[in-house]
Amino acid sequence: MEFAATIVILTCTYALLAAGTVILYKAGRVVNFAHGELAIVGGYVFYSAGLMSGGTSLWFPVAGAVVFSIIMGMFIYMAMMRRLVGEPFYVAILVTVGIGIVLKSAILVIWRAERLTIDVGVTPAIRMAGGATLSYMDIASVVLTVAFFAGLYLFFRFTRLGVQFRGTAENALLASQRGVDVNFVLSLAWVIAILAASLSGVLYGGRAFLSTESVTIGLAGLTAALVGGLDSLRGAVAGAFIVACAQYLTVRLVDPVLSEAVPFLLLVIVMSIRPWGLFGTQEELDRV
Amino acid sequence: MTDILLQVRQLEVVYHRVATAVQGVSLEVPKGSIVALVGTNGAGKTTTLRAISGFLPSEDAEITDGDITYGDRRINGQLPHQMARAGVILVPERDKVFGTLSVEDNLEFAARGGGEITLERVLGYFPLLTQRKSQLAGYLSGGEKQMLAIGMALLCRPTLLLIDELSLGLAPIVIKDLMALLHRISKELGLTVLLVEQNANAALAIADFGYVMEGGRVVFYGKASELISHPDVREFYLGGAAQSETKSYRDIKQYRRKRRWWG
Ligand SMILES: Nc1ncnc2c1ncn2[C@@H]1O[C@H](COP(=O)(O)OP(=O)(O)OP(=O)(O)O)[C@@H](O)[C@H]1O
Ligand SMILES: [Mg+2]
């Protein structure tokens, strides 16, 4: 039971990151290497906003993380990504690597790389059959992740903006010719992706800790996205589950110090056997 | 005297800062009319339409000279979505529908709501789309895609409809029906249409005015009925000369010399 709970919660953390990576890839054909940093900074912002409000209400930190995501998403797209049209694809990737470095420095400067755990002030644990304990934070993680994916599904499937989003991802020129402001849609993609990342960062900060080292969850999220296939949201969840299992088993059966290396090893294996991922489309590969 | 809805003056478009695709193109589209733009491959027809409907920054295309006036506004260098919202809607030559979306979603994508063009009305023009509603647009046949593309364009509430190669890849009988339908739609909805066509005969049959392009320039223009009976235009663009005897290469060279350059 214990192991199942751990795997489920790790899966949630990684799936949220992977979903953002997939959305960004689908919308703008960009692979974001700053996703782990964005997640952790989102977690820090949540924590600090909580401190500022005196820890009395959850609304304040939530609003803080949402505002952070909106500003960050708009800024990254409008000020940086938008200007890279016509440049080779690796330029955008290098820019995201740069964003990651800047964010990491921000953690050092603003939060002094303080290692801290987010405590939303709920009773720590409830006992489960089989001797496992689950905190309310864990339950909230699962509920929020499921809600996020359900919301995403409903948005893409049933709203007009969601349909326009999918159309823009396929053919930005035609979308524009049908009256859709492509810059708005792509900014929105960044905002949604960073929102998911921040949520992931908060969940991770609640279970483990926030620090400059924890940005490595970005690699786990990226691996999950690649394992599932970069252009598939379903694949993101499946990939996250596989990465979580592999990491848990390695830590348990081999050596805990390997836990950081697992996503990377998995990445190498998937890339050599099935480079387009489990749910991805093969043709997509030519574009990368 | 008729109002001019769209006026293009001395248009010059350059791709990738080096390749000049059209040069000194001028044309006028009167309100409520159908204007055909015909010409050989690579003549610059698509480029002219694209310049009117707007380029994305990523396309690296630039209007380097001339003016495009829509109503009383100069619209050089507007983005496609700005033109679309102003009522200038292009049905492009390729990639005209979203292949990964269902037919229904394609139509919903475009629907702006309000106005007299409703989904029911569009499905009335193209009843076939009703049967294909939940199918992915990528799996439609060429003719069905064309119908969906026009349906989408109509739902964007166009004032000026730009159509690039209505007949591309369609059977002659389908082309005839589609042309007739387009004529009917434009009259019923009071649309102004600028129609680019390879199939000059079919286009000039429903058009009020025609322009003939070659090598990035306009080489003939006039009333559609006059163009159809013009011997040079027949010889070079409508397939087959007025007289039936086969011409030698030298005669064709003479026709080449006789052609005048406009614009
Ligand atoms: N994206 C582009 N980049 C560079 N050159 C281009 C581009 N698009 C068109 N051209 C060039 O511009 C010229 C005009 O092309 P255009 O597509 O406008 O012709 P067209 O009249 O539409 O031809 P067709 O009947 O074959 O569709 C051609 O010489 C073509 O090579
Ligand atoms: Mg063309």
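Source: prediction; values computed, not measured.

1. Notes on the overall build of chain B
Inference 1: Across its full length, chain B holds 11 helices and 10 strands.
Inference 2: Counting over 263 residues, chain B shows a buried share of 51%.
Inference 3: Of the contacts formed within chain B by residues at least 6 apart in sequence, a portion of 67% connects residues at least 24 apart.
Inference 4: Accessible area of chain B: about 12100 Å², with a carbon and sulfur share of 49%.

2. A word on the pattern of salt bridges
Residue and element names in this part refer to chain B.
Inference 1: Under the definition given, this model contains nine salt bridges over all chains.
Inference 2: The partner of Arg9 in a salt bridge is Asp67, with the nearest N and O atoms 3.8 Å apart. Here Arg9 is found in strand S1 (residues 4-15), whereas its partner Asp67 is found in strand S4 (residues 61-70), with 58 residues between them in sequence.
Inference 3: A salt bridge links Glu188 to Arg121; its shortest N-O distance comes to 3.9 Å. Remark: Arg121 occurs in helix H4 (residues 119-125) and Glu188 occurs in helix H7 (residues 172-189); sequence separation between them is 67 residues.
Inference 4: With a relative accessible area of 28%, Arg121 lands in the partly exposed category.
Inference 5: When salt bridges with common partners are traced through the structure, they connect Arg9, Asp67 and Arg74 into a single cluster.

3. Thoughts on the interface of chain A and chain B
One widely used convention gives an interface's size as the accessible area the parts lose upon coming together.
Inference 1: Between chain A and chain B, the residue contacts involve 21 residues of the former and 31 residues of the latter.
Inference 2: Carbon and sulfur atoms make up 57% of the area that chain A and chain B hide from each other, which totals about 2100 Å².
Inference 3: Summed over the shared surface of chain A and chain B, the result is one salt bridge.
Inference 4: With its nearest N and O atoms 2.9 Å apart, the salt bridge here joins Arg166 of chain A to Asp105 of chain B.

Reading the values: rules and limits
Residues numbered from 1 in each chain as written. Chains lettered and ligands numbered in written order. Predicted model: local features only at pLDDT ≥ 70, side-chain atom pairs only at ≥ 80, totals over all residues. Heavy atoms only, no water. Helix = DSSP H or I, 4+ residues; strand = E, 2+ residues; numbered from the N terminus. Buried < 20%, exposed > 50% of the residue type's maximum accessible area, 1.4 Å probe, protein only. Contact = heavy atoms within 4.5 Å. Areas by Shrake-Rupley, 256 points an atom, 1.4 Å probe, with all protein chains shown as cover. Salt bridge = Lys/Arg side-chain N within 4 Å of Asp/Glu carboxyl O. Buried area = accessible area lost by both parts, 1.4 Å probe.

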